Amino acid sequence: GILCSQVRRRENTDGGSPRRPRLYDLKESGDIENYASGVLMLYLPYRDAVDKSRLDKNECRISVEKDKMGPCGEIKVIFDGSTQTHKNKYEVDYGN
């Protein structure tokens, strides 16, 4: 099954750009973090950025925060708001 949840992220206290959502943001959402086989988090950096001049307003980052069967990492895609779809455009970063 698939479960969708909106998380409330804590504000960045160092005055920088807001941080992207992380797995520990689910701790207040019951046992989702513990029981899930995989956790994907979507983040639109442009929406929260202080300096928007160097960002693509349609870029979405899909962060694989937990995957019992494979690596975690981040996938950069393009979000098309008119069709509510994501299109693969960027590289996959398995840097975690």
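Since this is a predicted model, take the numbers as computed values, not measurements.

> Lay out the overall build of the protein chain with the relevant residues and their values.
Check the secondary structure of the protein chain and you find 2 helices and 4 strands. Here the analysis covers contacts within the protein chain between residues at least 6 apart in sequence; of these, 27% occur between residues at least 24 apart.

> A description of the pattern of salt bridges should follow, citing residues and the corresponding values.
Enumeration according to the criterion identifies 4 salt bridges in this entry. Residue Arg54 is joined to Asp51 by a salt bridge in which the shortest nitrogen-to-oxygen separation is 3.4 Å. Judged by relative accessible area, Asp51 falls into the partly exposed class, the value being 41%. For Lys87, the salt bridge goes to Asp80, with nearest N and O atoms at 3.4 Å. Given the relative accessible area of 45%, Lys87 is considered partly exposed.

> Pulling in residues and values, what's your account of the nonpolar core?
The nonpolar side chains of a soluble globular protein tend to be buried with one another. Counting 5 residues, the largest nonpolar core consists of Leu23, Leu26, Ala36, Val39 and Met41. Ignoring sequence-local partners within four residues, the contact set of Leu23 consists of Glu33, Val39, Met41, Glu65 and Lys66.

> Residue-level account of the layout of surface pockets, with values.
Space inside the largest pocket adds up to approximately 660 Å³. For the lining of the largest pocket, the secondary structure elements donating two or more residues are α1 (32-35) and β1 (38-43). In terms of residue count, β1 provides more of the lining of the largest pocket than any other element does, 6 residues in total.

> Quick one: what's the story with the environment of Ala49, residue by residue and with numbers?
The topology assignment puts Ala49 in the loop between α2 (45-48) and β2 (59-67). Taking the C-alpha atoms as reference points, Ala49 and Arg19, 30 residues apart in sequence, are found 9.5 Å from one another.

> Give a description of the side chain of Asp80 that names residues and reports values.
You can see Asp80 is positioned in strand β3 (residues 73-80). For Asp80, the side chain forms a polar contact with the side chain of Thr83, separated by 3.2 Å. Look past the residues within four positions of Asp80 in its chain and what remains in contact with it is Thr85 and Lys87.

> Outline the pairing of β1, listing residues and values.
Each regular strand displays side chains that alternate between the two surfaces of the sheet. On β1, burial follows the alternation: Val39, Met41 and Tyr43 on one face are buried, whereas Gly38, Leu40 and Leu42 on the facing-out side are not. As defined by bridge partners, β1 adjoins β2 across 6 bridges and the pair is classed as antiparallel. Pairing of Leu40 across the sheet is with Val64, part of β2.

> So, the pairing of β2: which residues are in play, and what are the values?
Taken across its 9 residues, β2 has 7 buried, putting it largely inside the fold. Relative to β3, β2 runs antiparallel, the two being bridged by 6 bridges. Paired with Val64 across the bridge in β3 is Gly73. The antiparallel hairpin formed by β2 and β3 contains 5 residues in its connecting segment.

Cut-offs and rules
Residues numbered from 1 in each chain as written. Predicted model: local features only at pLDDT ≥ 70, side-chain atom pairs only at ≥ 80, totals over all residues. Heavy atoms only, no water. Helix = DSSP H or I, 4+ residues; strand = E, 2+ residues; numbered from the N terminus. Contact = heavy atoms within 4.5 Å. Salt bridge = Lys/Arg side-chain N within 4 Å of Asp/Glu carboxyl O. Buried < 20%, exposed > 50% of the residue type's maximum accessible area, 1.4 Å probe, protein only. Core = buried A, V, L, I, M, F, W, Y, C linked by side-chain atoms within 4.5 Å. 1 Å grid on protein atoms, 1.4 Å probe; cavity = no way out; pocket = protein on both sides within 12 Å on 5 of 7 lines; lining within 4 Å. Points joined across faces, edges and corners; volume = space filled by probe spheres on them. Polar contact = N/O pair within 3.5 Å; in protein donor to acceptor, adjacent residues only side chain to side chain. Pairing = 2+ DSSP bridges.

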